[in-house]
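# Results of the structural survey
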Amino acid sequence: MGVHPRAQDYPESFLPGVIPDESELTVGTKIEPGKRYGFFTDTTLCIGCKACEVACKEWNSLPADNMGLSGMSYDNTVKLSADTWRHVMFVEKVDGATGMQPFQSNWLMMSDVCKHCKNAPCLEACPTGALFRTEFDTVVVQQDICNGCGYCVPSCPFGVVELSMADGKAHKCTLCYDRLKGGLEPACAKSCPTDSILFGEVDDLVERAGKRVEELHERGVTDAYLYGAPNTPGATGGLEQLNAFFLLTDRPEVYNLPPAPTRPANRLAPGLLAGMAAMAGLTLAAAAIFSAPGEKRR
Amino acid sequence: MPTLRGVITVVQEGRFRLAYADGRSKLFVLSSSAPVEPQDLPLLQRAQARVSVRYEEAEDLLAAIAHDLRMEENEGKSR
């Protein structure tokens, strides 16, 4: 990959200030309000270095949590939480079905993150408006408005949002909202040494991801597929599209992702109708009992 | 509850890093019971004001929970 022409404007190592629109140099995307930005995470490139986890914690001043060893392979972060917005998952396949030599395991690694859904259920569930959609089409919690009701927690089909026990408020990935406003790509994507995490405009990323799948199929990795791109697994149940989508090589459940996530709002009308039907039935039954002749009631 | 005095150097949402006089620093999470809100923290950080923080250590977190945060009253005299 050649050097971006703008990079030639900055030959010195020490700069007087922040480079304007730095993301144009680091990832080839100029960040502008009104456009849709997200992540494409290619799990075939992930080496499990956890640089994204560290960069996320460092930039967002998130405290280390879950101290100690989990016993889950090299995965000691365990899950996404209020204090862990990037989680590198280690899936160790030792069943011999992978074509590896005996006593050698095949690793699947994936850096999980908030999906910033196109139809975000957490945002739909928030009664205070603390969760909002930004000018970059990402979903962010405003900490000064969040009252800690926790409705967003069960509404997320991916289990991303969590209430912090320290301050009682909901926390999740902001896709580095402050960095985007400053023209910087998110910390996790910038720190990824293998470009497993790519940041950019969602439509460009989807196109790029499609080409990557085709390339992998040609190279014999026929089980590669996209999760969360339009009309793929993960973009189901009214979610339509995940702004942070993935390239996987095994079933979604293996990566602890739901095979067919849905918006809880889809179940609102059927649930309401079922409740109303039950109430109507009970009312009719009560009316039938109390309108019966007096002799029979005795 | 212990108290620390220092200057807020980094703020993210309701989290902030307090640097003490000897150069060490500590990460805090602002409790919902604190008299200040997350939106007040950037102002304190920009002002580089000396503040005192009353806190307790958080369970299973490498951070402390700040229950009280006040500007030092004798800031002008100490400088």
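Scroll up for the structure.
Thresholds, definitions, all that
Residues numbered from 1 in each chain as written. Chains lettered and ligands numbered in written order. Predicted model: local features only at pLDDT ≥ 70, side-chain atom pairs only at ≥ 80, totals over all residues. Heavy atoms only, no water. Core = buried A, V, L, I, M, F, W, Y, C linked by side-chain atoms within 4.5 Å. Buried < 20%, exposed > 50% of the residue type's maximum accessible area, 1.4 Å probe, protein only. Helix = DSSP H or I, 4+ residues; strand = E, 2+ residues; numbered from the N terminus. Contact = heavy atoms within 4.5 Å. Buried area = accessible area lost by both parts, 1.4 Å probe. Salt bridge = Lys/Arg side-chain N within 4 Å of Asp/Glu carboxyl O. Polar contact = N/O pair within 3.5 Å; in protein donor to acceptor, adjacent residues only side chain to side chain. Nonpolar A, V, L, I, M, F, W, Y, C, P; charged D, E, K, R; others polar.

### A few points about the nonpolar core
Membership of the largest hydrophobic core comes to 52 residues, with the highest contact counts inside it found for Phe39(A), Phe158(A) and Phe199(A). Tallying contributions element by element places strand E2 (residues 87-93) of chain A first for this core, with four residues. Leave out the neighbours within four places in its chain, and Phe158(A) touches Lys115(A), Cys117(A), Tyr227(A), Gly234(A), Leu239(A), Leu242(A), Leu257(A), Pro258(A) and Pro261(A). Judged by nonpolar contacts, the second largest core, of 19 residues, contains Leu4(B), Val11(B), Phe16(B) and Leu18(B).

### So, the interface of chain B and chain A
Listed as interface residues are 17 residues of chain B and, on the opposing side, 20 residues of chain A. Between chain B and chain A, a total of about 1,500 Å² is buried, with carbon and sulfur atoms accounting for 56% of that surface. The largest contributions to the chain B side of the interface with chain A come from Gln12(B), Glu13(B) and Arg15(B), which together make up 33% of the buried area. Put simply, chain B and chain A have zero salt bridges between them. The interface formed by chain B and chain A contains six residue pairs in polar contact (both at pLDDT 80 or more). At the level of elements, strand E1 (3-12) and strand E3 (25-30) of chain B are the ones that each hand at least two residues to the side of chain B that touches chain A. At three residues, E3(B) tops the list of elements feeding residues into the side of chain B that touches chain A. For the side of chain B that touches chain A, the residue count by class is nine nonpolar, four polar and four charged.

The analysis is restricted to geometry; functional conclusions fall outside its scope.
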